[in-house]
Amino acid sequence: MRTVSDRPAIEVRDLHKYFGELEVLRGIDFRVQHGEVVCVIGPSGSGKSTLLRCINLLEPPSSGHVYVGGVEVTHPDVDIDAVRRKIGMLFQAFNLFPHLTVLQNLTIAQRRVLKRDKTEAIRVARDNLARVGLSEKEGSYPAQLSGGQQQRVAIARALSMGPDLMLFDEPTSALDPELVGDVLAVMRKLANEGMTMMVVTHEMSFAREVADRVAFMDGGMIVEEGEPAQVIGSPRHARTRTFLRRVLDPAAAEVGEVPDTGPAPRVDDAATPPAPRTVHGHYPG
């Protein structure tokens, strides 16, 4: 059983994000405790990735407050580089330097950002390659690795910076199905080691088995959240049930079926109809 402390590792208060006139995040309130694994699920365009990117200011929020480890990252005087050194982030793309070996990919940021000497950086890199099961690949170049191996190298690179928490933005979505399991196994191992993790994912089995809590997003809001057995196994809201039915049994979808009639209201907004959704164009998340 993982130990979860009382102080939030991540706290989001009344977070809004606009892209032009389109409101992508609509007043998000959200917490992740130290040692907790939280999976965020929902349809494409629901704001999941935007929420994740706002946490370390890869996307600046339009309004609201974000705290990481008690530090307000949305404060105008924050040292965001210092905060980011405590956060590891994994994307759909692996973002490895193609001209560097695996070992060099893992040591370059340690030496330039953390100012570790070469010997220490190599030791840390090798320790983390062992954690992801790729010790034998330290001399390889990214092009010589499978997609799953590249993503595991990216995880090892993030771990080599000694983060307090890890953010994952659909880390398996670009992988062939048979390679997904190896990456999820590494993430499961990190969770069992007590790493604080916020994971945007479509892998329902991972969310059900590993997460302490699951949040379902739609239309820029958190529609419902709770333990995996409740949200995935017995969701309260019709929108959550529709999404899960289509994800867990895609063959059951009918031709011409409209999967989304707008986001279900949050529990505290039940009396207030949601604003109309923009149905043309595309936005991140």
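Notes on the structure follow. (Residues numbered from 1 in each chain as written. Predicted model: local features only at pLDDT ≥ 70, side-chain atom pairs only at ≥ 80, totals over all residues. Heavy atoms only, no water.)

## Side note on the overall build of the protein chain
Within the protein chain, the secondary structure is distributed over nine helices and 10 strands. Counting the 285 residues in the protein chain, one finds 51% classified as buried. Considering only contacts within the protein chain whose residues lie at least 6 apart along the sequence, 67% involve residues at least 24 apart. Roughly 13,500 Å² of accessible area belongs to the protein chain as shown, and the carbon and sulfur atoms make up 51% of that amount. (Helix = DSSP H or I, 4+ residues; strand = E, 2+ residues; numbered from the N terminus. Buried < 20%, exposed > 50% of the residue type's maximum accessible area, 1.4 Å probe, protein only. Contact = heavy atoms within 4.5 Å. Areas by Shrake-Rupley, 256 points an atom, 1.4 Å probe, with all protein chains shown as cover.)

## Describing the packing of aromatic side chains
Each aromatic ring pair is described using two quantities: the centre-to-centre distance and the angle formed by the ring planes. Overall, the coordinates contain one aromatic pair when judged by the stated rule. Measuring from centroid to centroid gives 5.3 Å for phenylalanine 216 and phenylalanine 243, while their planes differ by 40°, and the two rings are tilted. Placement of phenylalanine 216 in strand β9 (residues 213-218) and of phenylalanine 243 in helix α9 (residues 238-248) is noted, with a sequence separation of 27 residues between them. In this pair, the class of phenylalanine 216 matches that of phenylalanine 243, namely buried. (Phe/Tyr/Trp six-rings, centres within 6.5 Å; stacked < 30°, edge-to-face > 60°.)

## A few points about the pattern of salt bridges
As enumerated under the stated definition, the model contains 12 salt bridges in all. When the shortest N-O distance is used, the salt bridge between arginine 13 and glutamate 11 registers 3.1 Å. Judged by its relative accessible area of 37%, arginine 13 falls in the partly exposed class. Residue classification places glutamate 11 among the buried residues on the basis of a relative accessible area of 12%. Note that arginine 123 and glutamate 120 form a salt bridge whose closest N and O atoms lie 2.7 Å from each other. Taken as a pair, arginine 123 and glutamate 120 lie in helix α4 (residues 118-131) at a separation of three residues, close to a single helical turn. Residues joined in a network through salt bridges with shared partners are Glu11, Arg13 and Arg31. (Salt bridge = Lys/Arg side-chain N within 4 Å of Asp/Glu carboxyl O.)

## A closer look at the packing of helix α3 (residues 102-112) against helix α5 (residues 147-159)
As a packed pair, α3 and α5 sit with axes 9 Å apart at the nearest point and diverge in direction by 30°. Relative to α5, the element α3 is oriented roughly parallel. Crossing of α3 over α5 shows right-handed handedness. Here Val102, Asn105 and Leu106 of α3 lie close against α5, whose contacting residues are Val153, Ala156 and Arg157. Taken together, the residues of the contact of α3 with α5 break down into four nonpolar, one polar and one charged. (Axes fitted to C-alpha atoms, helices over the stretch in contact; angles between N-to-C directions. Parallel < 35°, antiparallel > 145°, perpendicular 65-115°, else oblique. Left-handed = near helix turned anticlockwise from the far one by under 90°. Nonpolar A, V, L, I, M, F, W, Y, C, P; charged D, E, K, R; others polar.)

## Some points on the side chain of lysine 17
As for its position among the elements, lysine 17 is in strand β1 (residues 8-19). For lysine 17, the residues in contact, after removing those within four places along its chain, are Leu22, Glu23, Val24, Leu25, Thr50, Glu59, Pro60, Pro61 and Ser62.

## Quick notes on the nonpolar core
Among the nonpolar cores identified, the biggest contains 47 residues, and Ile155, Met166, Phe168, Met187, Met197 and Val214 are the most heavily contacted of them. If you tally residues by element for this core, the top one is helix α6 (residues 177-192), at eight residues. The contacts of valine 214, once residues within four sequence positions are left out, are Cys39, Ile41, Ala207, Glu224, Glu225, Gly226, Pro228, Val231 and Ile232. (Core = buried A, V, L, I, M, F, W, Y, C linked by side-chain atoms within 4.5 Å.)

## Thoughts on the layout of surface pockets
Space inside the largest pocket adds up to approximately 720 Å³. Forming the walls of the largest pocket are 23 residues, and the residues nearest its centre are Arg84, Ile87, Met89, Ala109 and Met161. Elements represented by at least two residues in the lining of the largest pocket include exactly α2 (80-84), β6 (87-90), α3 and α5. For the lining of the largest pocket, the leading source of residues is β6, giving four residues. Split by residue class, the lining of the largest pocket holds 15 nonpolar, four polar and four charged. (1 Å grid on protein atoms, 1.4 Å probe; cavity = no way out; pocket = protein on both sides within 12 Å on 5 of 7 lines; lining within 4 Å. Points joined across faces, edges and corners; volume = space filled by probe spheres on them.)

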